[in-house]
Structures are given as structure tokens and as C-alpha cells.
Number of protein chains: 2
Amino acid sequence: MKLDERHLVQLAAVVQTGSVTEGAALLGLAQPAVSRTLAMLEKRLGEPLFHKGRRPLEPTALGRALADHGQIMLSASRKASELVDDFRHGQAGVVRLGGVPFFMDALIAGMVAEFQQAHPGVRVDQSYGYLPDLSAALLADRIDIGVCPIDILDEGSGLTFQEILRAHNVIACGVSHPLLLKRRIIAADLIAYPWIAPPPGSPLLSDLHRILLWLGVGEIRVRYSGGSPLSVVNYMKATDALTVLPHSVVFALRKDKAITALPFDFPQPERKLGLLRLAEAPRAPAVEAFAAHVGKSFENLKHLIKRHEEAVVWGA
Amino acid sequence: MKLDERHLVQLAAVVQTGSVTEGAALLGLAQPAVSRTLAMLEKRLGEPLFHKGRRPLEPTALGRALADHGQIMLSASRKASELVDDFRHGQAGVVRLGGVPFFMDALIAGMVAEFQQAHPGVRVDQSYGYLPDLSAALLADRIDIGVCPIDILDEGSGLTFQEILRAHNVIACGVSHPLLLKRRIIAADLIAYPWIAPPPGSPLLSDLHRILLWLGVGEIRVRYSGGSPLSVVNYMKATDALTVLPHSVVFALRKDKAITALPFDFPQPERKLGLLRLAEAPRAPAVEAFAAHVGKSFENLKHLIKRHEEAVVWGA
DNA sequence: CGAGCTTCATAACGATATGGTATATAAACT
DNA sequence: AGTTTATATACCATATCGTTATGAAGCTCG
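Structure report, in brief. Keep in mind that this is a model prediction, so the values were computed, not measured.

**Let's talk about the relation of the copies chain A and chain B**
Here is step 1 of the chain: The transformation that overlays chain A on chain B combines an axial shift of 0.0 Å with a rotation of 179 degrees, and the residual RMSD is 0.2 Å. What the rotation and shift describe, once combined, is the action of a two-fold rotation axis. The position closest to the rotation axis in chain A is occupied by the C-alpha of Met73(A), lying 2.4 Å away.
Here is step 2 of the chain: With an isologous cut-off of 70% or more, the 100% of interface residues of chain A that recur at the interface of chain B puts this contact in the isologous class.

**A word on the pattern of salt bridges**
Here is step 1 of the chain: The full count for this structure, using the stated rule, is 22 salt bridges over all chains.
Here is step 2 of the chain: Asp4(A) is the partner of Arg6(B) in a salt bridge, and the nearest nitrogen-oxygen pair spans 1.9 Å. Note that Arg6(B) is positioned in helix H1 (residues 5-17) and Asp4(A) in the segment before helix H1 (5-17), a pairing that runs across two chains.
Here is step 3 of the chain: The class for Asp4(A) is buried, based on a relative accessible area of 13%.
Here is step 4 of the chain: Between Glu288(B) and Arg277(B) there is a salt bridge; the shortest N-O distance is 3.0 Å.

**What about helix H6 (residues 131-139) of chain A?**
Residues and elements named next belong to chain A.
Here is step 1 of the chain: Along H6, the residues that are buried comprise Leu134, Ser135, Ala137 and Leu138. Looking down the long axis of H6, one finds its buried residues gathered within 160 degrees of arc, a one-sided arrangement. Away from its buried face by more than 90 degrees, H6 exposes Pro132 and Leu139.
Here is step 2 of the chain: Elements that come into contact with the buried residues of H6 comprise strand E3 (93-99), strand E5 (145-150), strand E6 (159-166) and strand E12 (272-278).
Here is step 3 of the chain: Looking one or two places after H6, you find Asp141, whose phi comes out positive at around 60 degrees.

**Let's talk about the interface of chain A and chain B**
Here is step 1 of the chain: Listed as interface residues are 39 residues of chain A and, on the opposing side, 39 residues of chain B.
Here is step 2 of the chain: Of the roughly 3,200 Å² buried between chain A and chain B, counting both surfaces, carbon and sulfur atoms make up 62%.
Here is step 3 of the chain: The interface formed by chain A and chain B holds two salt bridges in total.
Here is step 4 of the chain: Contributing elements (two or more residues each) for the side of chain A that touches chain B: H1, helix H3 (31-45) and helix H4 (61-88) of chain A.
Here is step 5 of the chain: The element best represented in the side of chain A that touches chain B is H4(A), accounting for 17 residues.
Here is step 6 of the chain: Across the side of chain A that touches chain B, the residue classes break down as 23 nonpolar, four polar and twelve charged.

**Brief notes about the sheet that holds strand E7 (residues 169-174) of chain B**
Residue and element names in this part refer to chain B.
Here is step 1 of the chain: Taken together, the three strands give an open sheet; going across it, the order is E10-E7-E11, and neighbouring strands pair in antiparallel fashion. In the strand order of this sheet, the two ends are held by strand E10 (243-246) and strand E11 (259-261), each with one partner. Averaged over all adjacent pairs, the angle separating strand axes in this sheet is 50 degrees, with direction ignored.
Here is step 2 of the chain: Both E7 and E10 contribute to a ladder of four bridges, which runs antiparallel. Paired with Asn169 across the bridge in E10 is Pro246.

Parameters at a glance
- Residues numbered from 1 in each chain as written.
- Chains lettered and ligands numbered in written order.
- Predicted model: local features only at pLDDT ≥ 70, side-chain atom pairs only at ≥ 80, totals over all residues.
- Heavy atoms only, no water.
- Least-squares fit on C-alpha atoms with pLDDT ≥ 70 in both.
- Contact = heavy atoms within 4.5 Å.
- Salt bridge = Lys/Arg side-chain N within 4 Å of Asp/Glu carboxyl O.
- Helix = DSSP H or I, 4+ residues; strand = E, 2+ residues; numbered from the N terminus.
- Buried < 20%, exposed > 50% of the residue type's maximum accessible area, 1.4 Å probe, protein only.
- Arc of directions from axis to C-beta.
- Buried area = accessible area lost by both parts, 1.4 Å probe.
- Nonpolar A, V, L, I, M, F, W, Y, C, P; charged D, E, K, R; others polar.
- Pairing = 2+ DSSP bridges.
- Axes fitted to C-alpha atoms, helices over the stretch in contact; angles between N-to-C directions.

See below:
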């Protein structure tokens, strides 16, 4: 005999509260509705659910047993409602994040931690990739947000871009690098030291090539490549190697006093760091909230970044 | 946001089977009904529950999470259905049994055990009492069945009586009692031995008084009283004490070879053993089934009891 | 890559169930 | 007994359900 789930929930509420009126109130229903449900249930079952004529309403064995199952449904229903509410406030769900390694590690990871203090129910799945991977992943619905620098976004790509920061690269080095002591750095100084090559496919690699072109120098000595961001930092700490990094990364790592940037200016690419997202997708609130958080965090950092830029890069 | 329990169950079925069609079949619904439910849920939530345009239907994070809760409800619902079915077949529930001690212990307890082999889900709550207690308990709905001997049932008491056995008392004694060796027992023999008094208020006590009246003897020596049935049996085993017992009790205990009955005939009360029940009560199937089982068991025993009666009491 | 099959979405409609308000009835309290 | 509270009933409006019919979208296989 199949029973309507809702009926069992109503029964559970009545048994729990010990009264039809209170049970109805608990569910936000009127008393007659619940009363009728019980009457109908008893009629269908052919068995009484309550001992009649006792005011402290007393369920029969069957009534109590069925109410137990109803109670399970009731609590599942309550949890489901909470889940939906949480989800709608971005308090539950998953944010699938993809991005270029240095930004993700130096800046985004910390922001994820901050974000989750306010949204503890949200899980973040992080993955790495450069623009082509990220846009493919977005279109295939493998990630919700791509964090990457971008030159120009094609119209009709189905993606939207939310700018976060103007890209600004620097020549990074360990904090005890000899060149930091020089009054004025010239191209020849730069090629005198070993270099760390940015990962193949990364914007930083093409940026590096453009810088070398601008400097008019030929080849540099690449002594290390392929390491993840933390490897690169640790390598720089221990050597006099140089590499190209986004300034914001150096900024984010300033507290560690492990790496810094050379006070050396060069033409910057017309590029912006930002969040890449699907244009026409239903956006989960958690994703919205995360994007908003990242945007706000960068907004708050903007003047600090600017000050650091001036202090470090131009030695102000 | 409150969600209809049934909708979540449908969602769970779809997620579980991986298809709207199969999910609908699982619940015995038509595919469009479920399809519409899902569409309505998504509209209400403002969030998709499934990633569109993938054939192995893939739920979103929210869809999966809600389906989990729905799954809980679904299984609770299934269990509730089973419970009801069991209950209707007398396979679940409680039988609250009250009765006079000797019958309950010697005969009914064994029948409860038999009954539960076929109805393992039924619990039996046993209590003791004599007719006044039992009818009060029945009317107050503290028990479902009273097992007791009864002379005449008042009309209008609201109770019904189902006869099981004609009452037949015997003088019980240990199997090695000296009187068993005598050819013919007379009144003087009976008062020569110590007696066990039946419990105050019991029919057996008034039966005993009537027997003494009939015998024309005055007082007997009461040496023991107040014991439960097992005490009485053990006492008789170890002494030459006599007492009045229903023959059926002696019959039920015949296998133990501890007690038996004296071949001594006396007038029997016009009384029947049977099941006392509320006349106008909705009867739980388990109670019905138990009453039927007891009736059948006694029916099966009837000829054995008769044979035993003839063999023991009249020494046939 | 297109034909064919399966599965899902939508529409329309009748039947039913549900929930509300108003009210009658029954139980409990004092 | 009278008052108060709780439960049952009556009736109406509406949401939902389940059905059939039909169109659209994916998957499969040659």
C-alpha cells in the first residue's frame, strides 16, 4: 500500500506535537487540513492511528510506527529546505575554479580561504590552465570561473570577462639579488644572470620574449624551468636567477621577504587580469558570491598594490 | 523555501535511475508527470537541477544534494508501505495480552512462541489479572485480549467472548503422590494432605471452596499460597500437597512429568475458558491473527486433552 | 554524416486532492 | 454546569496530478 509522503509528514508532526492544531501550525497548515488528512489515512488503512476520545492525543502502535517514518521524511525535508536556502545565498554548492598557476597560488588561494570564512558550506575545486584550456573548460562546463590574464576577448565566444587588475609584469628576483644594489640596471645586467623560463604556453613566456626583443638582447641563459610557483620562488630565494612575474604575484608574496622585483621598467602588454565566465549560463549563487568576493578583494588591494608598485619597481 | 516531499522523491528516483523515464516507472508514474515536476522545481528554485543536453542525465550539485534528501524520503516511504502491508497481514504490531496466571504460563506462553514463528514482527505484551481486572483493562484499552475462564458474560458489557475450552478442574498433585496408589479416593483422603491455596480473587479459589462444600468437609490445611504457577508446580513436585487446577494446565505440563491429577471426580462449574475482547473496537490484524491462532491451537489440542482427561482423571 | 531509435519537454484536459475559512461538535477544565 | 479549547465537517477555490498526443533533442550505428 503506497502512502503519500506528505501525509506521513503531517502524521509525524501531529504525533510529535501531540496535537492536531500544533502539528498543523508546525507545518504552516490550517488545523482542518491536517485533521482531514488523518481521517483519510485512517480510512484508507482501515486502521485507527489514534485512540479516540483521549485528549492528550495518543497514537496507536501503527500510528506511532508510521509517524517514525514520517519524522524521517520531515527532517529530510527540513534539511532540503535549508540546503536550498543556503544555496540561494551562495552558502552551499561548489565553485569550480580554473586559472593560471601563479595567480591561483599567490592570490586566489588566499581569497578562497577568506571566502570560505563567510561561506563555509561552499566547496572549491581548483584546477590549472591557460586561456585556451580555460575557455574550453568553461564551454564544456568543467569549470565555473577561469582566472587568467587576457588580451582581447573574441565577441561571440560565449564568454564574458570581468576585469580585476591591469596586468603589469616585473623582473623578479630573490631579495638578496646583487642587481638590487645597482643604481641603474641596463640590458646587459639582465643577461648576465641565469633565468627561469615561465611554463610553455603561459602568457609570461611570450611576455618574456617580447621583453628580450625590446631590450635588443639575444638569448638568455635558462637554467630552470617547469617548476610550479612554489618551486620557482624557492629557486629564486637560493640563486641569483631572474624571471618574469606579474607584479601582483610579487606583491602577494611580499610578506615572505623571499622575492622582490627589480626596479627596471619596460613596456607592458595591453592585458588585463580577470574572471572569465560563461555568458549565457545559469549562475549558481555560490559562484556569483565567489566572483564578487574576488572582485572586492582586489578592489581593496588596489591602492596597496599601487603603492608597492611605486615603491619597489621604481624605487620610490 | 519549502519543498513538496513528493517532488524530492521524484527527483531522487530520476537521479537514482539516471533517466526521467525510468525514474517515473520506478514510482509508477508516467514520464511527463515527472518531467513536469522537475521543470517546476527548477523554475521555483531558479536553479537548474540537471545539466541540459547530456543524455546520461547528469544532476547539478544542487540536484544531487536535493536528491540525497529525496532518497531518504523514498526509502522511508517504502518502509512505511511495507509496515502497513505487514500490519494488515498481522505481521506487525503489538498484541497486548492479559490473562489468568495458570493459563497464561502453561498454555498461552507456548502458543505465543508458535504464533511468532509465523508472525515475527509482532510483539506480545503480557500481563496478568482475573476477570474484573481484565474487563476493566479491555474497556480502558490497556489490553487487546483477555484470556480467562468466565461463567456468564453480561449483555451490554461491551465485551465479546470467544469460547475455547470448557472449564474442567482437577485435584492436582505431584507425580509421586501417595494417593495415586489408592484404588478409591474419598473426602477424608483429601483433607489428610496439605493444600496449596489458589491466589485470592482467582476463580480457582472459589472453585476450591465449592468443592470442599460438596465434599462436606470443613477446613483444609493450607500450607502454601501466593506463589506464581511455576512455584506451585515446584512445590507440588517436592511435597504431597494438593491444589485445584484446570485440567488443561495439568495437561499442558504432562511432558514435564512433575505433576498430574488425582482420579477423583467432582461437580464442575458451568464455566468456559475463552478470549475476552472489546466488542466494538477496530481490531488490529495482528490481534485477530493471534486470536485465530489460539483458537486453532486449542482446536487441535481438543482430542488430546479429552484423551488425557479420560486417562488421568478417571484412570481409564 | 544522416537515418532511425530513444528519451525528454510541452501542451491540453479532466479528475482529484489539497488548503483555506466558517462552523458545528466534542472533550477538558474549573 | 458553563466556559474554553480542540477536533471534525462543509464548502469553495485552486494547485496538482495523471493521462494522451506531439514536438524536439541526443545518441547509435551503418
